[in-house]
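Chain and residue survey
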Amino acid sequence: MSMRKVAVVGAGMTKFVRRALETGKELSWQASSMALQSCEMTMDDVEAVCLGTAPDAFDGVHMNGEYLSDGAGAWRKPYMRSYVGGGTGVFVPIQGWYHVASGLFDVVLVVAEEKMSSYYPHAQGAFLTIFDHTTERALKPNLLWIFALEMNRYMQTYGISKEDIAQVAVKNKRNAADHPSALLGDPNITVEDVLNSEVLAWPVNRLDVSPVSDGAVAIVLAAEHVAKRITDKPVWIEGVGWNLDTAYWTNRDLAYPRYVEYAARMAYDMAGIKEPRKQINIVEPYDPFDYKELHHMEGLLLADRGEAPQMVADGVTQRDGDMPVCPSGGLLGVGNPIAAAGLMKIAELFWQLRGEAGNRQVPGQPTRGLAQAWGDLMQVGTVVIMGR
Amino acid sequence: MTYLEREPAAPKAWQDEMQVTNRYTYGVAGERFFRAIKDESKILGTRCNNCEHTYVPASLFCERCLDHLDEWIDVGTTGEIVTFTHLYVDYDGSPLLEPETIAFIKFGDGGIIHRIESNESQQIEIGMSARAVFKSKTERAGSILDILHFELMTS
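Everything quoted here is computed from the prediction, not taken from an experiment. (Residues numbered from 1 in each chain as written. Chains lettered and ligands numbered in written order. Predicted model: local features only at pLDDT ≥ 70, side-chain atom pairs only at ≥ 80, totals over all residues.)

Next up on the list: the overall build of chain B. Each helix and strand counted, chain B has 2 helices and 9 strands in total. For chain B, the sequential pattern of α-helices and β-strands runs α-β-α-β-β-β-β-β-β-β-β. A globule of 155 residues ought to have a C-alpha radius of gyration of about 15 Å, yet chain B, at 19 Å, is considerably larger. Principal-axis analysis of the C-alpha atoms places the extent of chain B at approximately 60 × 40 × 35 Å. (Helix = DSSP H or I, 4+ residues; strand = E, 2+ residues; numbered from the N terminus. Rg over C-alpha atoms; globule rule 2.2 N^0.38 Å.)

Spelled out as structure tokens, the structure:
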């Protein structure tokens with residue numbers, strides 16, 4: 001299979017906020033226009049547009065891809081929305097990647113948006129609509145349920161405590177204090193703050209969870225010959241992977257995300273990575289809840305099973321540690337406008353690998369990073385590996 | 001009774017409701033567009049001079065070149081009927097007591113979709129002019145329904 005090299009050449013993001021005045025279209029436009037300006041390109045240069053947004057229910061517009069299309073620059077261009085739930089933000093750049101890698105297009109704008117505040121009174125209510133209508137919905141499930149059940153299983157399987165897990169929330173919210181777009185950065189937060197926050201669905205407390213947010217992120221992808229003309233610092237997409245497990249949650253292993261492992265293996269193979277723990281310098285795993293960062297580090301084969309909490313305790317995953325994890329501040333700190341939060345991780349790797357991450361910059365001139373998201377019915381893994 | 005409920009051969013079904021309530025922000029452009037309707041009985045558009053295109057309803061940005069739009073234009077309250085339909089049934093198949101006429105009325109390079117009220121002597125035709133009839137100011141809520149309907153202009 002011959003595929004062309006694809007680079008990220010520009011990125012832009014709005015602030016992540018609790019409730020934006022801007023409509024979803026306006027948020028998409030802000031991010032798109034910032035991404036284009038960052039690489040001095042215009043819509044005339046863009047040949048196709050890929051858009052990612054999670055359940056239509058958040059924005060409250062069915063066929064949200066079509067609704068957002070004008071803000072995403074899709075006018076009279078080949079345009080496609082992809083959707084794999086929470087995994088969307090790291091899937092939509094994969095979709096953009098194959099648009100370019102295949103040779104179909106030289107320049108593709110990739111946009112991800114979510115305006116979760118439209119759902120009233122709380123975005124959790126939207127999740128009621130994703131479950132089986134006869135077997136589960138009568139119990140009024142929401143995502144806190146799912147995470148609580150999975151987190152408890154993960155803790156029990158490996159003997160992990162809530163304190164171990166709370167360290168992740170502390171690290172990410174502290175990291176986010178350096179992110180100009182962040183909603184929940186806090187340089188002084190402690191493990192006690194997390195443990196003492198309100199219990200939502202045991203073992204999940206309020207500060208174990210990322211906030212509901214509005215926001216948008218966009219990146220520009222270009223084929224090699226175009227990328228080299230536009231910038232002397234292209235960041236290459238070296239590997240991509242995605243994988244689904246059974247959609248029925250009683251039929252899968254809740255302590256270990258096998259589907260994330262398979263997605264990672266696909267991406268590692270493509271990128272020619274044999275020893276991911278040595279060859280990946282920065283990791284942006286999906287962290288909508290603090291234990292998920294640990295769960296995903298294990299699925300990505302970057303930690304042994306049940307051992308990810310030890311890496312956090314040892315400081316390995318701090319911004320200046322041996323393997324910085326969520327130097328952006330992640331979903332826990334920057335915010336979680338679902339699809340936009342995933343693409344934010346791609347934008348973070350772009351800035352980090354170019355040495356443009358400002359106060360968030362990981363030291364030591366990192367050369368390769370991995371971003372991952374997770375979603376659908378809690379059983380999809382999406383992975384992108386980027387390098388310079 | 002909806003069409004499906006009237007169907008005697010339909011399979012047994014589980015009944016459920018999805019409670020969906022939304023609270024939408026108007027957006028940056030929407031705030032100004034709907035305030036102009038509510039407070040000033042005006043319909044506003046925004047102009048992109050790059051693309052020579054006037055957006056109605058007003059947009060914060062040009063969808064063609066993604067430029068920020070800040071030239072606001074009062075496009076008046078009378079536009080031209082581009083197309084129309086007469087409605088006889090509701091969305092669930094129930095007959096409407098009174099048929100309704102819906103039209104696309106052109107303003108700038110865009111337009112507004114709204115109801116048409118006409119008296120019996122007036123026959124609606126594509127190309128006719130129609131004028132916005134607003135609710136009284138005290139009844140307006142910042143909604144597209146602050147425009148009660150459009151009325152046909154007989155020249």
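Moving on, we come to helix α2 (residues 27–40) of chain B. Residues and elements named next belong to chain B. Helix length check: α2 (14 residues) gives 19 Å between terminal C-alpha atoms against 20 Å at 1.5 Å per residue, within 8%. Looking only at α2, the buried set comprises G27, V28, A29, G30, F33, F34 and I37. The first or second residue beyond α2 is S41, which carries a positive phi of 55°. (Expected span 1.5 Å × (residues − 1). Buried ≥ 20, exposed ≤ 12 C-beta atoms within 10 Å, placed from the backbone.)

Moving on, we get to the interface of chain A and chain B. If you look at the interface, chain A gives 26 residues, while chain B gives 19 residues. Looking at the side of chain A that touches chain B, the elements that each hand over two or more residues are α1 (24–38) and β5 (119–120) of chain A. When the residues that make up the side of chain A that touches chain B are grouped by side-chain class, the tally is 10 nonpolar, 12 polar and 4 charged. Relative to strand β1 (residues 21–22) of chain B, β5 of chain A is paired through 2 bridges, and the arrangement is antiparallel. Each bridged residue has a counterpart across the sheet, and for Y119 of chain A the counterpart in β1 of chain B is N22 of chain B. (Contact = placed C-beta atoms within 7 Å. Nonpolar A, V, L, I, M, F, W, Y, C, P; charged D, E, K, R; others polar. Pairing = 2+ DSSP bridges.)

A few words now on helix α6 (residues 143–158) of chain A. Residue and element names in this part refer to chain A. With 16 residues, α6 extends 23 Å between its outermost C-alpha atoms, agreeing within 8% with the 22 Å of an ideal straight helix rising 1.5 Å per residue. Along α6, the residues that are buried comprise L143, F147, E150, M151 and Y154. Axial view of α6: buried residues confined to an arc of 105°, hence all on one face. The positive-phi residue at the C-terminal boundary of α6 is G159, with phi of around 65°. (Arc of directions from axis to C-beta.)

All names here are of chain A. Packing of helix α4 (residues 88–101) against helix α15 (residues 338–353) leaves a shortest axis separation of 6 Å and a crossing angle of 60°. By the angle between their axes, α4 is oblique relative to α15. Between α4 and α15, the residues in contact are T88, G89, V90, V92 and P93 and I338, A339, A340, A341, G342, L343, K345 and I346, respectively. Each residue belonging to the contact of α4 with α15 can be placed in one class, and the counts come to 9 nonpolar, 3 polar and 1 charged. (Axes fitted to C-alpha atoms, helices over the stretch in contact; angles between N-to-C directions. Parallel < 35°, antiparallel > 145°, perpendicular 65-115°, else oblique.)

What follows covers the nonpolar core. Residues and elements named next belong to chain A. The biggest cluster of nonpolar side chains holds 154 residues, and the ones touching the most others in it are I219 and V384. Counting residues per element, this core draws most heavily on α15, at 11 residues. Contacts of V384, omitting those with residues within four sequence positions, involve V90, P93, I94, I237, V240, A267, I346 and A371. (Core = buried A, V, L, I, M, F, W, Y, C linked by C-beta atoms within 7 Å.)

Another aspect to go through is the confidence of the model for chain B. Chain-level pLDDT for chain B is 93 on average; 97% of the residues reach the 70-or-more range. The ipTM value of the predicted complex is 0.91, and its pTM value is 0.95. (pLDDT = per-residue confidence, 0-100.)

Here the focus is the sheet that holds strand β8 (residues 129–134) of chain B. Residue and element names in this part refer to chain B. Taken together, the 5 strands give a closed barrel; going around it, the order is β5-β6-β7-β9-β8, and neighbouring strands pair in mixed fashion. Averaged over all pairs of adjacent strands, the angle between strand axes in this sheet comes to 50°, irrespective of strand direction. The sheet contact formed by β8 and strand β9 (residues 147–152) spans 5 bridges and is antiparallel. Residue pairing across strands places A132 opposite F150, the latter belonging to β9.

All names here are of chain B. Pairing geometry for strand β6 (residues 95–107) and strand β7 (residues 110–117), over 7 bridges, is antiparallel. Counterpart to T101 in the pairing with β7 is I116. Between β6 and β7, which pair antiparallel and follow one another directly, the connecting turn spans 2 residues, one of which, G108, has a positive phi of 55°. Here β7 pairs with β9 via 2 bridges, running parallel. Among the inter-strand pairings, E117 is bridged to a residue of β9, identified as E151.

Right, let's talk about the environment of G65 of chain A for a bit. All names here are of chain A. If you trace the backbone, G65 turns up in helix α3 (residues 64–68). It is 8.4 Å that separates the C-alpha atoms of G65 and S82, two residues lying 17 residues apart in sequence. Here G65 is in contact with L51, T53 and R81, once residues within four sequence places are set aside.

This part covers the sheet that holds strand β3 (residues 53–55) of chain B. All names here are of chain B. The 3 strands lie next to each other as β3-β2-β4, forming an open sheet whose pairing is antiparallel. Each having just a single partner strand, β3 and β4 (71–74) make up the two edges of the open sheet. Averaged over all pairs of adjacent strands, the angle between strand axes in this sheet comes to 35°, irrespective of strand direction. Two elements, strand β2 (residues 44–48) and β3, share 3 bridges in a ladder whose sense is antiparallel. If you follow T46 over to β3, its bridge partner there is Y55.

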